[in-house]
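Summary of the model geometry
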Amino acid sequence: MTYQPPRRSDGTLQQTRKKEPWPEGRIFRILSIDGGGIKGIFSASYLAEIERRFLDGQSIAGHFDMITGTSTGGIIALALGAGMTARQAAEIYTERGSLIFPKGNRIFDLPHWLRRPKHDQSVLKDELLKVFGDRLLDDATTRLVIPSFEGRYGEPYIYKTPHHPDYKKDRHAKAAHVALHTSAAPGYYPGVENDGHIMIDGGIWANNPVMNAVVDVLACYDLPRESIRVLSIGTGDEVLGLDEGVRNGGLLRWIFPGSGKAPMIFRAAAKAQSHNALGQAYLLVGKQNVVRIDPPESENPIGLDDVERAVTELPRLARSHAEATGHYVNQIFLGDAADRFVKCALSSVRTDAAD
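The shown structure was predicted, so the numbers you read here are calculated from the model rather than taken from an experiment. (Residues numbered from 1 in each chain as written. Predicted model: local features only at pLDDT ≥ 70, side-chain atom pairs only at ≥ 80, totals over all residues. Heavy atoms only, no water.)

1. A look at the overall build of the protein chain
Short version of the rule: Each helix corresponds to a stretch of at least 4 residues labelled H or I by DSSP, and each strand to a stretch of at least 2 residues labelled E; elements are numbered beginning at the N terminus. Partly exposed describes any residue whose relative accessible area lies between the buried limit of under 20% and the exposed limit of over 50%, with all areas from a 1.4 Å probe on protein chains only and scaled to the type maximum. The contact criterion used is simple: two residues touch if any of their non-hydrogen atoms lie within 4.5 Å. Throughout, the Shrake-Rupley method with a 1.4 Å probe supplies accessible areas, and for residues the shown protein chains are the sole cover considered.
When helices and strands are tallied, the protein chain shows twelve helices and ten strands. Within the protein chain, buried positions represent 52% of all 355 residues. Long-range contacts, defined here as pairs at least 24 residues apart, represent 81% of the contacts in the protein chain between residues at least 6 apart. When the accessible surface of the protein chain is summed, it comes to about 16,400 Å², and 53% of that surface belongs to carbon and sulfur atoms.

2. Quick notes on the packing of helix 1 (residues 40-54) against helix 12 (residues 307-333)
This is how the line gets drawn: Between N-to-C directions, angles cover 0 to 180 degrees, with each direction set by a line fitted to C-alpha atoms, over the stretch in contact for helices. Oblique is the label for any angle not under 35 degrees, not over 145, and not in the 65 to 115 range, which are roughly parallel, roughly antiparallel and roughly perpendicular in turn. Crossings are sorted by hand: turned counterclockwise from the far helix by less than a right angle, the near helix makes the crossing left-handed, and turned clockwise it makes it right-handed.
At a closest axis distance of 7 Å, the pairing of helix 1 and helix 12 adopts a crossing angle of 45 degrees. With respect to each other, helix 1 and helix 12 are oriented oblique. The way helix 1 lies across helix 12 gives a crossing that is right-handed.

3. Thoughts on the confidence of the model for the protein chain
Short version of the rule: How sure the predictor is of each residue is captured by pLDDT, a score from 0 to 100.
When the pLDDT values of the protein chain are averaged, the result is 88; 86% of them are 70 or greater. Here residues 348-354 scores under 50 on pLDDT; set against residues more than four positions off or in separate chains, the count is 19 contacts.

4. Some points on the UniProt feature "short sequence motif: GXGXXG" (unreviewed entry) in the protein chain
Convention followed: UniProt positions are given in the numbering used here, feature names are shortened, and annotations may be inferred rather than shown by experiment.
The UniProt record annotates "short sequence motif: GXGXXG" (unreviewed entry) at residues 35-40. Summarising residues 35-40: 17% helix, 0% strand, and an end-to-end C-alpha distance of 7 Å.

5. Details of the side chain of T142
Threshold: By the criterion applied in these results, polar contacts are pairs of N or O atoms within 3.5 Å in which, for protein atoms, one can donate a hydrogen and the other can accept it, and in which residues neighboring in sequence qualify only through two side-chain atoms.
Relative to the elements of secondary structure, T142 occurs in the loop between helix 5 (121-132) and strand 4 (143-150). Judged by relative accessible area, T142 falls into the buried class, the value being 3%. Reaching out from T142, the side chain makes a polar contact with the backbone oxygen of F64 at a distance of 3.3 Å. In this view, T142 contacts F64, D65, M66, I67, G81, T161 and F341; residues no more than four positions away in its chain are not counted.

6. Some remarks on the packing of aromatic side chains
Geometry of an aromatic ring pair is reported as the spacing of the ring centres plus the angle between the planes. Worth spelling out the cut-off: Put simply, two rings from Phe, Tyr or Trp (the six-membered ring, in Trp's case) pair if the centres are within 6.5 Å, and we call them stacked under 30 degrees between planes, edge-to-face over 60, tilted for the rest.
Across all of its chains, the model carries seven aromatic pairs by this definition. For the ring pair F42 and Y46, a centre distance of 6.3 Å and an interplane angle of 25 degrees mean the geometry is stacked. Of the two residues, F42 and Y46 are both situated in helix 1; the distance of four residues between them amounts to about one turn of the helix. Like F42, the residue Y46 is buried in the burial classification. Members of the aromatic cluster, each reached through a chain of ring pairs, are W22, F28 and Y221.

7. As for the nonpolar core
This is how the line gets drawn: In this description, a nonpolar core means a group of buried Ala, Val, Leu, Ile, Met, Phe, Trp, Tyr and Cys residues linked to one another through side-chain atoms lying within 4.5 Å.
Ranked by internal contacts, the top residues of the largest apolar core, which has 63 residues, are L47, L80, F132 and L231. Other than its neighbours up to four places away in sequence, L231 contacts I30, L31, S32, L47, F64, V291, I293, V329 and F333.

Okay, here's the thing in structure tokens:
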């Protein structure tokens, strides 16, 4: 008989959580990092520039109470949670990007891409193991929320550090494996087998993970929502208007990837999800409490695996954004260090609860 793993949702608490205390008057700061493949260079480079300008090169992670990230943003979040600086996170892309996303011939590679994933996942896995080694999610120095997707049952799958007594499932997951699971982008990489589950890029449902973090904070901690501050970093949208061919076309128009891009249906869904998540965050915590950093929309966006353009253009763009917004980010988020993250002790975890 074939092994059937339990659903992630089996045993999940479906009622209000018992909220942990939070110091009165203390701001809860969230760093949220979007997905976007190699365009994560922008996110990591922007944060690295903030570190250089305002923190003497020290890791920005020490100024946030929670970091959430999806796909490439999940890799950066895990790197920051492992004690790395944003500059070190950026080097994952600048030094390893051409290995992870080797340049091919678009015309001759297209028939292969239509039948099989575009890139060799074993290369990405090897590089992530070099970056994270045997570190576990339990070793993180800040609270982490990392969306993925479980394909066998078709359910969202969110990895979380043990920052609430109900969160017990993920603490022994390897950081490298979590990074691989959140970044297995359909079409670019195959789904990852994980003890009977099939893990897929969290970007298919939460490319902008800001609401995953906001909801988690409000569910887990006893604090007013107005006490939450969010720094949300995107990787740049394309100008996405539906032309006549797509609007009146059939399935081929919506799913066929053109010019190295992901299918239109995925691009439209990711953009809509991001705008919706931001809108919800604005409503919950107040738009004045959410700082969004995102490159301007482009008619010629950088592809998810276009290493050459990303390495050439995005660090410069990140410096420009840091010049324009850095002082405000420093004022809102970097005034003092976050309180030390104390994980829930294993002995105190309730055995009748799950996350």
